[in-house]
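Understanding the architecture of this molecule
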Amino acid sequence: MAEVTSKDNVGSQITQALSAGSGVNIQELATTLANAESISGISAVNAKKETTEVAISGYAVLKSSVSSLMRSFKGLEDAETLLTKASNSSNTSAVDAAVVSQSLAKAGTTQIEVSALAQAQQNVIVQNGAAFASPSATIASGAFSLAITTPASSGTTTNIAVSTLTPTGIASAINAQTDTTGVTARLINVSATGTSVKIVLEGKTGAANTFAFSSNLTGAEALGGGALADHVLPAANLSVTMNGISVQRDNNSPSDLVEGMKLTFKTSGSTANIVVNEDTSSLKNSLNTMIQAHNDFLTLTDYLVGEADPDDELAGSLSGEKSTINLIKNRIRTALASTSEAASNGIGTLRQIGLETKLGGTLSLKAATFDAIMLTNFDDIRTMLTADTNGQTSFSTSDKGLALTISESLDTLVGETGSIKAKETNAAKDIVRYDEQLVDLNERFESIKARYLKQFAAMETLVQRSKSTGEYLTGQFKAMEGAYSNK
């Protein structure tokens, strides 16, 4: 509603101050009458706008709840997530075991005997048979080069130029070529209190990863440690016996000895049993998460279509949309009761694995039914839910698991082209339309007020004229009366 300004009132105020005219505040009277004609329409549109704004908030909360239910089915779509594999080692000081692929790991026990650990060749570089005086000691009179051959006997030789003529410079030059040679260098302080250092070269683990080192320095500047006799450690393979089979690897953390497992070997001359167990609690937990999300959805819908609360605008915010809410609930109920395209051995529905509907539509899991079928038909349940796939999408042309089918159905409610989104979009358009109506109604109010002001102004003019005529005649009569009384 437009406000009356001091400029609008000035004419009426002047008239009243002079005690002229009828004495009526025509500005106030015009506003009151215009309000009387317009207020019902404006109030009705404002009420519709407020109801629609609250409904938009209600739809947002509803969409979030259905999205939560859809996400719970995402946790049931992949075969590898339904059966959790856990591993343990009977001798963790010798071997650690970790599951790296839930789908590949299989329940069982593997006996491991460790004969030898894989190790990398190490060389020590000194100068003229002695340690270097310090990391920054000058070790040559001019630039020189190193050569690293991998493998040592008949491999490729990499020539390395050294421009910083110190032990630190040698290590940096070698490490700059590690990607090519597979050899790294580091300095090690060999004295308790001094700065004397040796350079330690280290290759990759495995017997095949040998290397040879040489330099073109001679005489007193010659660098030693290149010959095989100077090795601190020779290159060696991991050697184990696995269920009676002798196996070698070039590293101590192979991931292909036990399928789906990564083993990390720590000591030689030891034994361990690697045990893989299957844990079905992951599936049960995922089903309970879905059940909770569904029951929370039902509670929310009762709240949104229930009694209004002046202290809670969301309560009853969709009370006018009960038919829409019932349609959404029916769509979800139908989806949950659907049969999997990948049904296996007669198991194709959630009801068959223990899902039951209680009075009021809430869901629960019959523990006895679920536990019994898990013991005998776990693989069929996994097939029914996931089609034995990981990462299956809506674009797949093969039979889909039930979890993906239900997720697709729920997406038709909450997706960008879903029915809830359509409701939100229409409500937003209604808000725009109501704002346009309010603009029109306020313009009509101003027009009505202007018409009344024009009419009242004319009335004031007539009243003022009549009042002036009366005052003139009264004056004349008084004058005449005075004239006659003096005779």
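Numbers given for residues are sequential positions, taken from 1 along each chain in its written order. In keeping with the model being predicted, local features are shown solely for residues with a pLDDT of at least 70 and side-chain atom pairs are shown and tallied solely at 80 or more, while totals for entire chains, interfaces and linings include all residues. Side-chain measures here rest on the full set of heavy atoms in the structure, leaving out hydrogens and waters.

So, about the overall build of the protein chain. Helix and strand labels come from DSSP, where a helix needs a run of H or I of at least four residues and a strand needs a run of E of at least two; each type is numbered from the N terminus. Helix and strand counts for the protein chain come out as nine helices and 17 strands. Exposure is judged per residue with a 1.4 Å probe applied to protein chains only, and the accessible area is read against the type maximum: over 50% gives exposed, under 20% gives buried, and values in between give partly exposed. Looking at the protein chain residue by residue over its 487 residues, the buried ones come to 37%. For the accessible areas, the method is Shrake-Rupley and the probe is 1.4 Å, while residue cover comes only from the protein chains on display. Here the protein chain has roughly 25,700 Å² of accessible surface; of this, 52% comes from carbon and sulfur atoms.

Turning our attention to helix 6 (residues 322-336). To estimate the expected span of a helix, subtract one from its residue number and multiply by 1.5 Å. End to end, helix 6 covers 21 Å across 15 residues, agreeing with the expected 21 Å (1.5 Å per residue, within 8%). Among all positions in helix 6, only Thr324, Ile325, Ile328, Lys329, Ile332, Ala335 and Leu336 are buried. End-on, the buried residues of helix 6 take up no more than an arc of 135°, which puts them together on one face. Seen from the buried face of helix 6, the exposed residues on the opposite side, beyond 90 degrees, are Ser323 and Thr334. Our arc is simply the arc of the directions from the helix axis toward the C-beta atoms.

We now examine the packing of helix 5 (residues 281-305) against helix 7 (residues 367-386). Working note: a packed helix pair is described by the angle between its axes plus the distance between those axes. Where helices are involved, their axes are fitted lines through C-alpha atoms of the stretch in contact, as for all axes, and angles between N-to-C directions lie from 0 to 180°. Relative to each other, helix 5 and helix 7 sit at 80°, their axes nearing to 11 Å. In this view, helix 5 runs roughly perpendicular relative to helix 7, as classed from their interaxial angle. For the pair formed by helix 5 and helix 7, the contact residues are Leu283, Lys284 and Leu287 on the first element and Phe370, Asp371, Met374, Phe378, Ile381 and Leu385 on the second. Partitioned by chemical class, the residues of the contact of helix 5 with helix 7 number seven nonpolar, no polar and two charged. Oblique is the label for any angle not under 35 degrees, not over 145, and not in the 65 to 115 range, which are roughly parallel, roughly antiparallel and roughly perpendicular in turn. Contacts are assigned to residue pairs with any non-hydrogen atoms lying within 4.5 Å of each other. Amino acids outside the nonpolar list (Ala, Val, Leu, Ile, Met, Phe, Trp, Tyr, Cys, Pro) and the charged list (Asp, Glu, Lys, Arg) are all regarded as polar, and Gly is one of them.

This part covers the pattern of salt bridges. A pairing counts as a salt bridge when a side-chain nitrogen of Lys or Arg comes within 4 Å of a carboxyl oxygen of Asp or Glu. What the rule picks out here adds up to 11 salt bridges. A salt bridge links Arg382 to Asp379; its shortest N-O distance comes to 3.0 Å. Residue Arg382 and its partner Asp379 are both found in helix 7; the two are separated by three residues, about one turn of the helix.

On to the side chain of Ser317. With respect to the helices, strands and loops of the structure, Ser317 is situated in the loop between helix 5 and helix 6. If sequence neighbours within four positions are ignored, Ser317 has contacts with Val54, Ala55, Gly58 and Leu304.

One requirement defines pairing of two strands: DSSP has to find at least two bridges between them. Taken together, three strands build an open sheet; the order of strands is 6-5-9 and the sheet is antiparallel. Two strands in the sheet have a free side with no partner beyond their single neighbour: strand 6 (156-162) and strand 9 (212-215). Neighbour-to-neighbour, the strand axes of the sheet open up by a mean angle of 20°, direction not taken into account. Bridge count between strand 5 (residues 144-150) and strand 6: seven bridges; the pairing is antiparallel. From the neighbouring strand, Thr149 faces strand 6, where its bridge partner is Thr157. On top of the sheet, helix 3 (residues 167-175) reaches strand 5 and strand 6; it is set at about 140° to strand 6, its chief contact.

On to unusual backbone geometry, then. Omega for the peptide link from Thr150 to Pro151 comes to -10°, which places this bond in the cis form. Along the chain, Pro151 turns up in the loop between strand 5 and strand 6. With a phi close to 55°, Asn128 is a non-glycine residue in the positive phi region.

Moving on: the nonpolar core. By nonpolar core we mean a set of buried residues, namely Ala, Val, Leu, Ile, Met, Phe, Trp, Tyr and Cys, connected to one another through side-chain atoms within 4.5 Å. Counting residues in each nonpolar core, the largest one holds 46 residues, and the members touching the most others are Leu62, Phe73, Leu283, Met290, Ile332 and Leu350. When sequence neighbours within four positions are dropped, the list of residues in contact with Leu62 reads Phe297, Leu300, Thr301, Leu304, Leu318, Ile325, Ile328 and Ile420. Phe132, Ala140, Leu146 and Ile148 belong to the second largest nonpolar core, which has 23 residues in total.

In this section: the sheet that holds strand 13 (residues 245-249). The antiparallel open sheet is built from five strands, whose spatial order is 1-15-3-12-13. Strands at the two margins of the open sheet, each flanked by one partner only, are strand 1 (84-89) and strand 13. Going from strand to strand, the sheet's axes swing by 25° on average, the running direction of each strand aside. Relative to strand 15 (residues 270-279), strand 1 runs antiparallel, the two sharing six bridges. Its bridge partner lying in strand 15, Ser87 is registered against Val276.

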